[in-house]
Amino acid sequence: MRLNSPKINIINKACIKASRSLIRDFGEIEKLQVSTKGPGDFVTSADRRTEKIIIEELQKAHPDYGIITEESGIINKSNIQNRWIIDPIDGTMNFMNGIPQFAISIGYEEENEIKCGVIFNPIMNEMFCAEKGNGAYLNNSRIRVSNKKKIKDSLLVTGGPKQASKIKDKIFSEYINVSTKVSNVRKFGSAALDMAYVACGRFDGYWQRELNYWDIAAGIIILKEAGGFVKFFEEEPNFPLKKNILASNSNIHDEFSELIIKKNIE
Ligand code: IPD
Ligand code: CA
Ligand code: CA
């Protein structure tokens with residue numbers, strides 16, 4: 001069985017097409033042109049190429065849809081009803097270093113709600129996808145979050161801080177606090193895959209501050225459709241594309257929220 005719907009098919013097709021050049025680029029990383037967007041923040045020619053192919057493919061299907069992208073900004077700004085949210089390579093740092101932990105991430109949003117999404121790691125050939133009401137899948141198999149009952153037994157994943165972060169101390173002390181209360185914490189370098197891995201039960205939970213919407217848009221629906229809970233915290237109304245997120249299976253969600261959110265309110 002696999003997830004089959006018009007929107008998912010459009011996204012899948014765009015992912016497969018874009019992944020061909022991405023796989024080629026990954027085999028020749030020494031030839032990539034790399035530029036710096038800010039301290040420790042890089043963009044490669046592969047990010048730009050991948051994004052271009054994805055935009056072209058999605059526009060063939062719906063030329064009028066809005067698009068929020070990491071590298072090209074916002075396209076068709078006036079359409080806020082129907083929007084694609086694209087991260088062409090989530091995990092660029094891994095990609096540049098020859099580490100196969102990166103993914104294309106594409107979400108589809110309708111009236112401010114993510115309705116479907118795909119996260120594709122072309123090197124591992126793992127395609128995670130979900131559509132509202134129709135479940136979440138890894139390739140052809142239905143996926144579910146883990147069944148871990150207690151936060152103290154949980155394996156969590158997180159990321160950050162970015163080099164330019166102004167709240168590094170807060171993020172590090174949060175990391176120490178959480179680490180002492182759970183089984184262990186990993187840092188894998190791709191927010192999209194971190195979310196997908198919680199969705200399929202490899203991790204029990206994920207949290208991170210200072211993300212961009214495109215890092216997690218597809219992950220939100222994949223995680224929810226896999227039976228997980230997602231919470232945004234300390235939201236900044238003036239910056240709707242900036243996100244702090246906490247996501248986990250339903251059993252540990254309250255305990256996990258208390259650990260991250262209550263601690264910061266005290
Ligand atoms: C980054 C990855 C990383 C996270 C950073 C993101 P990029 O995305 O998701 O895991 O820690 O906050 O910016 O730059 O590789 O697309
Ligand atoms: Ca990203
Ligand atoms: Ca990216």
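Computed from a predicted model, the values in this text were never measured in an experiment. (Residues numbered from 1 in each chain as written. Chains lettered and ligands numbered in written order. Predicted model: local features only at pLDDT ≥ 70, side-chain atom pairs only at ≥ 80, totals over all residues. Heavy atoms only, no water.)

Concerning the nonpolar core
Applied cut-off: Take the buried residues of types Ala, Val, Leu, Ile, Met, Phe, Trp, Tyr and Cys, join any two whose side-chain atoms come within 4.5 Å, and each joined set is a nonpolar core. For the exposure calls, accessible area comes from a 1.4 Å probe over protein chains only, and a residue counts as buried if that area is under 20% of its type's maximum, exposed if over 50%, partly exposed in between. Note on conventions: DSSP H or I runs of at least 4 residues are helices, E runs of at least 2 residues are strands, and numbering of each starts at the N terminus. For the domain bounds, the source is a domain assignment made automatically or taken from a database. We call two residues in contact when some of their heavy atoms are within 4.5 Å.
Residues Ile85, Ile119, Phe128, Ile143, Met195, Tyr206 and Ile222 are the most contacted members of the largest nonpolar core, which totals 36 residues. Contributing elements (two or more residues each) for this core: strand S7 (113-121), strand S8 (126-131), strand S9 (136-138), helix H5 (191-199), strand S13 (205-212), helix H6 (213-225) and strand S15 (242-248). Here this core gets nine residues from one element, more than from any other, and that element is H6. In terms of domain composition, this core takes at least three residues from each of domain 1 (6-142) and domain 2 (151-265). Excluding residues that lie within four positions of it along the chain, Tyr206 makes contacts with Val157, Thr158, Ala191, Asp194, Met195, Val198, Leu211, Ile245, Leu246, Ala247 and Phe256.

Observations concerning the packing of aromatic side chains
In plain terms, the rule: Aromatic pairing here means that ring centres of Phe, Tyr or Trp (its six-membered ring) are within 6.5 Å. Orientation follows from the plane angle: under 30 degrees is stacked, over 60 is edge-to-face, and everything else is tilted. Note on geometry: a ring has a charge over it if NZ (lysine) or CZ (arginine) is within 6 Å of the ring centre and within 35 degrees of the ring normal.
With the rule as written, the count across this model stands at 11 aromatic pairs. When the centroid spacing of 5.7 Å and the interplanar angle of 40° are considered together, the rings of Phe26 and Phe95 count as tilted. Note that Phe26 is positioned in helix H1 (residues 6-27) and Phe95 in helix H3 (residues 92-96), a separation of 69 residues in sequence. Taken individually, Phe26 and Phe95 each receive the classification buried, so the pair is uniform in this respect. A centroid spacing of 6.3 Å and a plane angle of 75° characterise the contact between Phe188 and Tyr197, whose relative ring orientation is edge-to-face. Tyr197 sits in the buried class, given a relative accessible area of 6%. Among the aromatic residues, those joined into a ring-pair cluster are Phe128, Phe188, Tyr197 and Phe203. The ring centre of Phe232 lies 5.0 Å from the NZ or CZ of Lys243, which sits over that ring.

Focus: the coordination of the calcium ion (ligand 2)
Formally: We call an atom a donor if it is N, O or S and sits within 2.8 Å of the metal, or 3.2 Å for Na, K and Ca. Water is not counted, so some sites may look partial.
Looking at the metal site, the calcium ion (ligand 2) is ligated by Asp87 (OD), Asp90 (OD) and Asp215 (OD), spaced 2.1 to 2.2 Å from it. The sequence pattern formed by the donor residues of the calcium ion (ligand 2) is D-x2-D-x124-D. Separating the calcium ion (ligand 2) from the calcium ion (ligand 3) is a gap of 3.7 Å, which Asp87 spans by donating to each of them. Of this pair, Asp87 sits in strand S5 (residues 82-90) while Asp215 sits in helix H6, and the two are 128 residues apart along the sequence. Under the relative-accessibility criterion, Asp87 is labelled buried at 1%.

Some remarks on the domain arrangement of the protein
You'll often see interface size given as the accessible area lost when the parts meet. Using the following cut-off: Two parts placed together each lose some accessible area under a 1.4 Å probe, and the buried area is that loss summed for both. By definition, a salt bridge exists where a carboxyl oxygen of Asp or Glu is found within 4 Å of a side-chain nitrogen of Lys or Arg. N or O atoms closer than or at 3.5 Å make up a polar contact, with two conditions inside protein: a donor-capable atom paired with an acceptor-capable one, and, for residues adjacent in sequence, both atoms drawn from side chains. When residue character is reported, Ala, Val, Leu, Ile, Met, Phe, Trp, Tyr, Cys and Pro are called nonpolar, Asp, Glu, Lys and Arg charged, and the others, Gly included, polar.
Per the domain assignment, the segments making up the protein are domain 1 (6-142) and domain 2 (151-265). Using C-alpha coordinates to define each centre, domain 1 is positioned 21 Å away from domain 2. Contacts between the two partners involve 36 residues from domain 1 and, on the opposite side, 23 residues from domain 2. Between domain 1 and domain 2 lies a buried interface of about 2,300 Å² when both sides are counted; carbon and sulfur atoms form 65% of it. Counting across the domain 1 and domain 2 interface gives one salt bridge. Glu126 is paired through a salt bridge with Arg202; the nearest N and O atoms lie 2.7 Å apart. Across the contact surface, domain 1 and domain 2 share 10 residue pairs in polar contact (both at pLDDT 80 or more). For the side of domain 1 that touches domain 2, the secondary-structure elements that each account for two or more residues are strand S3 (66-69), S5, strand S6 (103-110), S7, S8 and S9. Broken down by element, the residue count for the side of domain 1 that touches domain 2 peaks at seven residues, all from S7. Class assignment of the residues belonging to the side of domain 1 that touches domain 2 gives a composition of 16 nonpolar, 12 polar and eight charged.

Some thoughts on the sheet that holds S3
Put simply, the rule reads: Any two strands are treated as partners once DSSP identifies two or more bridges connecting them. Structural elements are reduced to axes, namely lines fitted to C-alpha atoms, with helices fitted over the stretch in contact, and the angle between N-to-C directions of any two is expressed from 0 to 180 degrees.
Pairing in this open sheet of eight strands is mixed, and the strands run S4-S3-S5-S6-S7-S8-S9-S10 from one edge to the other. The open sheet is flanked by strand S4 (74-75) and strand S10 (141-142), the only strands paired with a single partner. Bridge count between S7 and S8: six bridges; the pairing is antiparallel. Bridge pairing in S8 places Gly117 opposite Ala130. Against the sheet, helix H2 (residues 45-61) engages S3, S4, S5 and S6, with an angle of about 155° to S5.

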